[in-house]
Amino acid sequence: MGSSEERVVAVIMVGGPTKGTRFRPLSLNVAKPLFPLAGQSMVYHPILACKRIPNLVQIFLIGFYEEREFSLFVSSVSNELKVPVRYLKEDKPHGSAGGLYNFRDLIMEDNPSQIFLLNCDVCCSFPLQEMLEAHIRYGGMGTILVIKVSAESANQFGELVADPETNELLHYTEKPETFVSDRINCGVYAFTPDIFMAIQGVSTQRQDRANLRRMSSFEALQSATRSSHTDFVRLDQDILSPLAGKKQLYTYETMDFWEQIKTPGMSLKCSGLYLAQYRVTSPHLLASGNGTKSATIVGDVFMHPSAKAHPTAKIGPNVSISANARIGAGARLLCCIILDDVEIKENAVVMHSIVGWKSSIGRWSRVQAGGDYNAKLGITILGEAVTVEDEVVVINSIVLPNKTLNVSVQDEIIL
């Protein structure tokens, strides 16, 4: 069957409030998948990539956030991109594969021949069309997007070994203690509907094992508790590892950028990666200015149409400015995310920082950090409605919402 005949659905796993704890204090105000990177919600970027797949019929978001947290976004993005987007709330965590299986009837209602599965907290160029073509060419049940990383960092992810000629997945192990491979799982998959049979097989095996045991009453009580977890199926350990080397799973390697968005520091790095991608895919989204009638823009900058910057301000590179922000005369911004309704007053400096909604930074103040995206205090984060008064310096610090800083701080978490 040629790719032009394929009906495709996409499923994006968005997690839930218990999963985004490392994203605090930013996740106190907004669900992590809706936090803006390069001016668009984190989950918008994979949705936009899915929209470009030929014959896409539906996009599902699966998680355990309350539906009200996603209703406005889902309605807005469906209208904007002219593709049906639907949020499905899990009653409980079922695991990455179990969540897919739990909604199999809805996912299959359009009778798709291919299913994309993506994790929301992944930042990459999402080469989904090329991946789909390779997946159909391989003829297997599933194809995994992979990337080469340094040997030192590989054990933080799922490592895999693939046949260099056929790209068949030969071995898969999740976060191994010893080095296996410098190729890792990117958290983006293409499957045929046979994936549902594989997931069902795991659940059935567990149930059968439980039923076969001859147990004391105490063991029976324990098993009753465990049996409720037969529908909790992990994609990596329960599906990918057992099926490796059985000519069912294949890999597609990306040579482009890839990062995992686990912390606010990584969100700032990934915002910069998406801004750089705009230069190729959506140059109209990038701001420009030379300091005459508008602010001087250096490098890749996104500025919401409702935001205002004084012509003497200098902005960029890697700056994203959200709605209704106000940037004063002589202000200097670089490597930062400025959220809605922020005011940055005259001659203030913001570097390697995220400034929360409705915050205010005073005249001649500095909010900055070293820019180590992996360190706990590698960037400075101001929560919602934080006021930094005039001539105050905030370095390598995290400030929770509704605080006023009238003295300088460094390497602190302000509760």
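This text follows the structure it describes.
As for the overall build of the protein chain
Point 1. Counting its secondary structure elements, the protein chain contains nine helices and 31 strands.
Point 2. Relative to the compact-globule value of 22 Å for 415 residues, the protein chain shows a C-alpha radius of gyration of 23 Å, a close match.
Point 3. Dimensions of the protein chain along its principal axes, counting C-alpha atoms only, are 70 × 55 × 40 Å.
Point 4. Here the protein chain holds 415 residues, and 52% of them are scored as buried.
Point 5. Long-range contacts, defined as pairs at least 24 residues apart, comprise 56% of the intrachain contacts of the protein chain with a sequence gap of at least 6.
Point 6. For the protein chain, the computed accessible surface area is about 18,600 Å², with 49% contributed by carbon and sulfur atoms.
Point 7. Side-chain charges in the protein chain split into 39 positive and 43 negative, and the spacing between the mean points of these groups amounts to 3 Å.

Side note on the pattern of salt bridges
Point 1. Under the defined criterion, the tally for this structure stands at eleven salt bridges.
Point 2. Between E253 and R183 there is a salt bridge, and its shortest N-O distance comes to 3.2 Å. Placement of E253 in strand 12 (residues 249–253) and of R183 in strand 11 (residues 183–191) is noted, with a sequence separation of 70 residues between them.
Point 3. On the accessibility criterion, R183 (26% relative accessible area) is partly exposed.
Point 4. For the salt bridge of E343 with R326, the shortest nitrogen-to-oxygen distance reads 3.7 Å. Here the residue E343 occupies a position in strand 21 (residues 343–344), and R326 occupies one in strand 19 (residues 326–327), the gap between them amounting to 17 residues.
Point 5. The exposure class assigned to E343 is partly exposed, which follows from its relative accessible area of 29%.
Point 6. Linked by salt bridges that have partners in common, D182, R183 and E253 make up one network.

Describing the environment of L382
Point 1. Within the element layout of this structure, L382 appears in strand 25 (residues 380–382).
Point 2. Judged by relative accessible area, which is 0%, L382 ranks as buried.
Point 3. As for L382 and V367, which are separated by 15 residues in sequence, their C-alpha atoms are 9.0 Å apart.
Point 4. Filtering out sequence-adjacent residues up to four positions away, L382 remains in contact with I354, V355, G356, S359, I361, V367, V388 and V399.

Let's talk about the packing of helix 1 (residues 44–51) against helix 2 (residues 68–81)
When two helices pack together, you describe them by how their axes are tilted relative to each other and by the distance separating the axes.
Point 1. Where helix 1 contacts helix 2, the two axes come as close as 12 Å, and the packing angle between them is 30 degrees. The element helix 1 and its partner helix 2 pack so that their crossing is right-handed. Facing helix 1, whose interface residues are Y44, I47, L48 and K51, helix 2 presents F73, V77, E80 and L81.
Point 2. Residues belonging to the contact of helix 1 with helix 2 are distributed by class as follows: six nonpolar, no polar and two charged.

Considerations on the pairing of strand 10 (residues 169–174)
Point 1. In this structure, strand 9 (residues 158–162) lies alongside strand 10, joined through five bridges in antiparallel fashion. Across the sheet, residue G158 finds its bridge partner in strand 10, namely E174.
Point 2. Counting the residues between successive antiparallel strands, the hairpin from strand 9 to strand 10 contains six residues, one of them, N167, with a positive phi of roughly 65 degrees.

Observations regarding the nonpolar core
Point 1. Residues I47, I59, L61, F70, F73 and F116 are the most contacted members of the largest nonpolar core, which totals 68 residues.
Point 2. If one sorts the elements of this core by residue count, helix 9 (residues 264–281) sits on top with six residues.
Point 3. Excluding its chain neighbours within four sequence positions, the residues that come into contact with I47 are I12, I59, L61, F73, V77, L81 and V85.
Point 4. Counting residues in each nonpolar core, the second largest holds 33 residues, with I144, Y172, A198 and L240 among its members.

Describing helix 5 (residues 128–138)
Point 1. Along helix 5, the positions that sit buried rather than exposed are L128, M131, L132, A134, H135 and Y138. Along helix 5, the residues classed as buried sweep out an arc of 165 degrees about the axis, all on the same side.
Point 2. Buried positions along helix 5 lie against strand 1 (8–15), helix 1, strand 6 (114–119), strand 8 (142–148), strand 11 and strand 12.
Point 3. Just downstream of helix 5 lies G139, where phi reads positive at about 80 degrees.

What to know about the sheet that holds strand 29 (residues 404–405)
Point 1. Sheet architecture is open: six strands sit in the order 16-19-21-23-26-29, paired in parallel fashion. Because the sheet does not close on itself, it has two edges, and the strands there are strand 16 (308–309) and strand 29.
Point 2. As defined by bridge partners, strand 16 adjoins strand 19 across two bridges and the pair is classed as parallel. The partner of K308 across the bridge, within strand 19, is R326.

Calculation notes
- Within each chain, residue numbers correspond to sequence positions counted from 1 in written order.
- Local features in a predicted model are, by the rule used here, given only for residues with pLDDT of at least 70; side-chain atom pairs are given and counted only at 80 or more, and totals for whole chains, interfaces and linings are based on all residues.
- Remark: hydrogens and water are excluded; side-chain values derive from all non-hydrogen atoms of the structure.
- Secondary structure elements follow DSSP: runs of H or I of four or more residues count as helices, runs of E of two or more count as strands, with numbering from the N terminus.
- Note on method: radius of gyration uses C-alpha positions; expected globular size equals 2.2 Å times residues raised to 0.38.
- Exposed residues in this analysis have more than 50% of their type's maximum accessible area, buried residues have under 20%, and partly exposed residues fall in between, with area computed by a 1.4 Å probe over protein chains only.
- Residue contacts follow a heavy-atom distance rule, with two residues in contact if any of their heavy atoms lie within 4.5 Å.
- For the area figures, the Shrake-Rupley method with a 1.4 Å probe applies, and any residue is considered shielded solely by the protein chains shown.
- Charge counting treats Lys and Arg as positive and Asp and Glu as negative, with His and both chain ends excluded.
- Charged groups are reduced to one reference atom each: NZ for lysine, CZ for arginine, CG for aspartic acid, CD for glutamic acid.
- One side-chain nitrogen of Lys or Arg within 4 Å of one carboxyl oxygen of Asp or Glu is enough to make a salt bridge.
- Where helices are involved, their axes are fitted lines through C-alpha atoms of the stretch in contact, as for all axes, and angles between N-to-C directions lie from 0 to 180°.
- Helix crossings fall into two classes, left-handed where the near helix is turned counterclockwise from the far one by less than a right angle and right-handed where it is turned clockwise.
- Each residue gets one label: Ala, Val, Leu, Ile, Met, Phe, Trp, Tyr, Cys and Pro are nonpolar, Asp, Glu, Lys and Arg are charged, and the others, such as Gly, are polar.
- For two strands to pair, DSSP has to find at least two bridges joining them.
- Here, the term nonpolar core denotes a set of buried Ala, Val, Leu, Ile, Met, Phe, Trp, Tyr and Cys residues that are joined through side-chain atoms within 4.5 Å.
- In this description, one arc is meant: the one made by directions from the helix axis to the C-beta atoms.

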